Amino acid sequence: MRKKGDKYTRLVSNTMLFGISTFSSKVLSFLLTRLYTSVLAQASFGVVNLVTISANLLIPLVSLGISNAVIRFGLEKNVSKDGVFTGGLVSIGFGFGLMVLLYPLISRVPMVSDYSFLLYIYVLVSCLRTLCCQFVRAKMYTRLYAIDGILSTIYTIGFNLLFLVVLKLGPTGYLLSIICADALSVIGLNLVAVLPQYISFRRFDWTLYKAMLRYCLPLVPALMFWWITSSSDQFFISYISGPEANGLYAAAYKVPTVVSIFSTIFTEAWQLSAVTDGQDAERDRFFSNIFSALSGVSFIIGGALIYGCRLIMRFLVAEDYFDAWLYIPFLVVAIVFSTMVSFLNSIYMVEKKSGRSLVTMLIGALSNIVMNWFFIRWWGPSGAALATFFSYAIIFIIRALDTRQFIKIDFAPWKLLASTTLLCALSFIMVAQVKMWQFWCAIPMALLLALNATSLYKGVMQVLHKRLKRA
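Residues numbered from 1 in each chain as written. Predicted model: local features only at pLDDT ≥ 70, side-chain atom pairs only at ≥ 80, totals over all residues. Heavy atoms only, no water.

Caption draft 1: The arrangement of the overall build of the protein chain in detail. Each helix and strand counted, the protein chain has 20 helices and 0 strands in total. Counting only contacts in the protein chain whose residues sit at least 6 apart along the sequence, the fraction spanning at least 24 positions is 84%. When the accessible surface of the protein chain is split by element, carbon and sulfur atoms take 68% of a total near 20300 Å². (Helix = DSSP H or I, 4+ residues; strand = E, 2+ residues; numbered from the N terminus. Contact = heavy atoms within 4.5 Å. Areas by Shrake-Rupley, 256 points an atom, 1.4 Å probe, with all protein chains shown as cover.)

Caption draft 2: Highlighting the packing of aromatic side chains. For the coordinates displayed, the defined rule picks out 28 aromatic pairs. With 6.0 Å between their ring centres and 45 degrees between their planes, Tyr249 and Tyr327 make a pair best called tilted. In this pair, Tyr249 sits in helix 12 (residues 243–252) while Tyr327 sits in the loop between helix 15 (309–316) and helix 16 (328–351), placing the two residues 78 residues apart along the sequence. The exposure class assigned to Tyr249 is buried, which follows from its relative accessible area of 0%. When the centroid spacing of 5.7 Å and the interplanar angle of 65 degrees are considered together, the rings of Phe337 and Phe389 count as edge-to-face. Here Phe337, found in helix 16, pairs with Phe389, found in helix 18 (residues 381–402); they are 52 residues apart in sequence, far enough to count as distant. Across the pair, exposure class does not vary: Phe337 and Phe389 are buried alike. Ring pairing ties together the aromatic residues Phe287, Phe291, Phe337, Phe343, Phe374, Phe375, Trp378, Trp379, Phe389, Phe390, Phe396 and Phe411, which thus form one cluster. In this structure, Arg137 packs its charged tip against the face of Tyr145, placed 5.9 Å from the ring centre. (Phe/Tyr/Trp six-rings, centres within 6.5 Å; stacked < 30°, edge-to-face > 60°. Buried < 20%, exposed > 50% of the residue type's maximum accessible area, 1.4 Å probe, protein only. Lys NZ or Arg CZ within 6 Å of the ring centre and 35° of its normal.)

Caption draft 3: Examining a nonpolar patch on the surface more closely. Taken together, Ile157, Leu161, Leu162, Val165, Val166, Leu167 and Leu169 make up a surface patch of nonpolar side chains, about 550 Å² in accessible area. Counting through the fold element by element, Leu167 comes out in the loop between helix 8 (142–166) and helix 9 (171–192). (Patch = residues over 30% accessible without salt bridge, like charges linked within 9 Å, V, L, I, M, F, W, Y side chains within 5 Å. Salt bridge = Lys/Arg side-chain N within 4 Å of Asp/Glu carboxyl O.)

Caption draft 4: Representation of the pattern of salt bridges. With the rule as written, the count across this model stands at 4 salt bridges. A salt bridge links Arg356 to Asp402, with the nearest nitrogen and oxygen atoms 2.8 Å apart. Taken as a pair, Arg356 in helix 17 (residues 354–379) and Asp402 in helix 18 lie far apart in primary sequence, 46 residues in all. Asp402 sits in the buried class, given a relative accessible area of 16%.

Caption draft 5: Just the side chain of Ser152, in detail. Tracing the backbone shows Ser152 in helix 8. Setting aside residues no more than four positions away along its own chain, Ser152 makes contact with Arg129 and Ala181.

Caption draft 6: Focus on helix 15. Considered for burial, the residues of helix 15 that qualify are Cys309, Met313 and Leu316. Along the long axis of helix 15, the arc covered by the buried residues comes to 70 degrees, so they all point the same way. Opposite the buried face of helix 15, at more than 90 degrees from it, the exposed residues are Leu311 and Phe315. (Arc of directions from axis to C-beta.)

Caption draft 7: Looking closely at the environment of Leu61. With respect to the helices and strands, Leu61 occurs in helix 3 (residues 42–62). Along the sequence, Leu61 and Met224 sit 163 residues apart, while their C-alpha atoms lie 8.2 Å from each other. If sequence neighbours within four positions are ignored, Leu61 has contacts with Val220 and Met224.

Any link to function would need more than the numbers given here.
In structure tokens:
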């Protein structure tokens, strides 16, 4: 039987391992922004970003969202791993077949039509890599997952240099570098984890597959709504303000990804703990402690990024893109709330309530569309950042109330409200470009640190205490 303290140490251990994988790839994307903005004009950078965003919309549609079921059902001890992996392949094969039939339609979509063939390859290879990665995680091959992340980073660097710098293929080279890196990752995972041994069409478990579909299909529209909330603003900006404005906005979006890097690393580890350790009698306290630490880190990182966004952009992008820093502050606030929204989704995952995830994301997506339409016309790309922030805030409030019937998390509402207010104040001071902004921004930043440092200290000490107790 597991000891109570083990769940904290397992979460820290998994977070560190997944951090190796995710940190390398996400930080690479962040650091390569300088290369992208140097070799791609603003319009080209905006267009290629729309292609990748379109791919991210199509991936859950083509795969039927099966990766969510692969990790959820793959973690259960009494479930056939052959059935889980084969079910994933069946879903991708069926979905991609439908996508092929729709080629005449997809190839006519404005802004991505010139890259429709590469878009198809991008989607297929990405679906296969996601399936392999999720299955490896479900098998608890965490070290292999981490090594694959590092190798994928090396592949991407090599192909970027080859296609963008040496061959100067522009947007085509950008897409090819991602496709080739994902393809090598798929090959490597199949060879090392011997994944073909889990393919069994003759003894296909239809009962398990139906259960997987019942779980993941409601998540497909939920993922679409998530995409609308997080990415549709770039289509609105491109339509209303032009591809050059979208290129600046896309460059600005790279900075808030630092928060999402931390969020992704933690979420990948947390999903395992939420399922395997989220069933005991103390789970209310467990979830509350983790939320407190997660939100505290997110607010502190977010505040630091807002405070230093001008300096970061000096080093991150080419000179023509520097003015994009104006869009960063409220994008950071939006990503902070996105992190907390993702955490609450883990409760729906534990309880297998994917329908509730769908409803909450629908509300957020609809509000985002309405706000984008008006805010971008009033305030330009800055309005898109505000719309994204308000949409995530709405989703968070709804989920915070709804999930209490399953797990009663202590959100420390006054502390949460104070941290949000300070982060918004910091953003307003930066965007308004007030005189002596360095001094005035230091005040809310110091208060954010003081407000959230205690919960972080308690979380760290709790984990260390459990480790020392076990030693």
